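Fold and geometry: a report
The chain contents come next:
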Amino acid sequence: PLPPGTDEGYVVLHRPYAFKQWLERYADGIEEEFVLMSEPDHLYLRPMPLLATPLKAAAFPFFYINPMDPKYTPIVQRFNKVKAPMSMFAPIGNSPVMISKTSLKKVVPLWHELAVTMKKDPEANAAFGWVVEMWAYSIASAQAGVTYQLFPEMALQPPWDTEFKLGGMVNLVA
């Protein structure tokens, strides 16, 4: 876990740190080239095909992660230390994501650092709230130069999705 008090009661901050530790300690011992990041409330309806490539990750686009929205762009740019072009910012979080281990190793250290920094930043925390860690993943990916192909069929989000798409999983919303 993170050092005591770091998460400020927002336990999701432990996720990027857990991936950082996993990559440092265990990932090289796993022969698979790709990783599927998922969450406990994801229900798989059928096997998910490999959607990522070595050069492009695959992710589900979230309607509430929109770096191009004028009310969020100034905050995103403030954390964009490498001045990545806005076209690099995807409307994604870290899950569901399929990504090569090589690309994940580029994103995770930045994601970890950004998630903690953004949670402690009053403006970013107020703007992004319970999904601040997802925004940190999007910003970290852009800064690392990792690009994504978006797959809306990767997940359903009841009650927002009213039609069944032939996808791999359902993201259950309690």
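If you're wondering where the values come from, they're calculated on a predicted model, not measured in any experiment.

1. Quick look at the packing of aromatic side chains
- By the definition in use, this model includes 10 aromatic pairs.
- Taking 5.1 Å as the distance between ring centres and 85 degrees as the angle between the ring planes, the aromatic pair formed by F63 and Y64 counts as edge-to-face.
- Taking 5.4 Å as the distance between ring centres and 50 degrees as the angle between the ring planes, the aromatic pair formed by Y72 and F128 counts as tilted. On the criterion of sequence distance, the pair formed by Y72 in the loop between strand 3 (57-59) and helix 2 (73-78) and F128 in helix 4 (residues 122-128) is long-range, its members being 56 residues apart. Like Y72, the residue F128 is buried in the burial classification.

2. Looking at the side chain of K119
- With respect to the secondary-structure elements, K119 resides in helix 3 (residues 101-120).
- Relative accessible area serves as the criterion here: at 12%, K119 is assigned to the buried category.
- Residues in contact with K119, not counting those within four places in the same chain, are D7, E8, Y10, L13, N125 and V132.

3. Remarks on the confidence of the model for the protein chain
- Counting all residues, the mean pLDDT for the protein chain is 90, and 94% of those residues have values of 70 or more.
- Mean pLDDT per element in the protein chain: strand 6 (residues 169-171) is the minimum at 54, and helix 5 (residues 132-144) is the maximum at 98.

Definitions and limits used
- Residues numbered from 1 in each chain as written.
- Predicted model: local features only at pLDDT ≥ 70, side-chain atom pairs only at ≥ 80, totals over all residues.
- Heavy atoms only, no water.
- Phe/Tyr/Trp six-rings, centres within 6.5 Å; stacked < 30°, edge-to-face > 60°.
- Helix = DSSP H or I, 4+ residues; strand = E, 2+ residues; numbered from the N terminus.
- Buried < 20%, exposed > 50% of the residue type's maximum accessible area, 1.4 Å probe, protein only.
- Contact = heavy atoms within 4.5 Å.
- pLDDT = per-residue confidence, 0-100.

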